[in-house]
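# A structural walkthrough
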Amino acid sequence: MRHALAAAVVIAKAGRRLRKFVTKWRWPLAVLALIVIISGVSSREPYYPPFQVGIYDGKFIATGVIQSGSASTLRTMVNWYPRIRTLVLLRVPGSIDFDNNWAMVRLIREAGLTTVVPAHGLVASGGTDLFIAGTERRMEQGACIGVHSWEEGYWSPFGTLFSHEGRDADPDDPNHARYLRELRRLGMPSAFYWFALKAAPHDGMHWMSVAEVERFKLATSVQGVAKEPDDNDCQNRIFWGPD
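Here the structure is a predicted model, which is why all the values come from computation and not from measurement.

### Focus: the pattern of salt bridges
Applying the stated rule across the entire model yields 4 salt bridges. Salt-bridge contacts for D57 lead to K59; the nearest nitrogen and oxygen are separated by 3.8 Å. A salt bridge links E182 to R185; the nearest nitrogen and oxygen atoms lie 3.4 Å apart. A residue pair is termed a helical-turn pair when its members lie 3 or 4 positions apart in one helix, as E182 and R185 do in helix α6 (residues 174–185) at 3 residues. Taking relative accessible area as the criterion, E182 reaches 7% and is therefore assigned buried. By sharing partners, the salt bridges in this structure join R106, E182 and R185 into a single network.

Listed below in structure tokens is the structure:
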């Protein structure tokens, strides 16, 4: 009992000290909180959820970044719902796992799925690979399709991280052959690969025009009222996620 009363006294004293502190410093604390809130809003941290697949209106709906386990996620959905033949790529901004990315590409092609990027949708980097995997590929006017150079990082024996980009790599770099081999399986022209490398560095993104999409035969059909993707709008879709 004495211990409980002693603890209550300590808590009461701590509470009084805390109230005095907050009262004395309430305005500096309020200003600090406002600065933190404004900094959080102005920094516009990218919205990168993990890859996930849902179903709506008889179609698969995909969002998020491709990573370890993403191929299994898609394979499970395809096996569970074999009658669904369309994969809508709502917001797939890229990949952090090369093997999962291309495993999904092969799965989409082997399953004979139609891929769609809706007018308010976005694919970029590895997400664009998923789009071109479709046997039929529909792009709605206003959709964002982004490409850039790949980047490879590796650790030196001394613990230093090095990296190099595809646009700067030697012509005989084995990564070129690896990407070109995958694109040939999809029937894509090799010119598209070299275009993507030069279009933007790895830390940037080139949003393809409708003319460029048609030039490289990325889409089998372009639908809707003629509207070119807006670079700022496309970048905002990456930062703020699905509408």
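Text resumes after the structure shown.
### Side note on the pairing of strand β3 (residues 86–92)
Each regular strand shows side chains that alternate between the opposite faces of the sheet. With 7 of 7 residues buried, β3 lies mostly within the body of the structure. Following the chain from strand β2 (residues 59–63) across helix α3 (residues 70–80) to the adjacent parallel β3, one finds a crossover that is right-handed. For β3 and strand β4 (residues 114–117), the ladder comprises 3 bridges, and the chain directions are parallel. Its bridge partner lying in β4, V88 is registered against V116. As a crossover connection, the stretch from β3 through helix α4 (residues 98–111) into β4 is right-handed. Across 2 bridges, β3 lies against strand β5 (residues 122–124) in parallel orientation.

Rules behind the numbers
- Residues numbered from 1 in each chain as written.
- Predicted model: local features only at pLDDT ≥ 70, side-chain atom pairs only at ≥ 80, totals over all residues.
- Heavy atoms only, no water.
- Salt bridge = Lys/Arg side-chain N within 4 Å of Asp/Glu carboxyl O.
- Helix = DSSP H or I, 4+ residues; strand = E, 2+ residues; numbered from the N terminus.
- Buried < 20%, exposed > 50% of the residue type's maximum accessible area, 1.4 Å probe, protein only.
- Right-handed = clockwise from strand over helix to strand, strands pointing away.
- Pairing = 2+ DSSP bridges.

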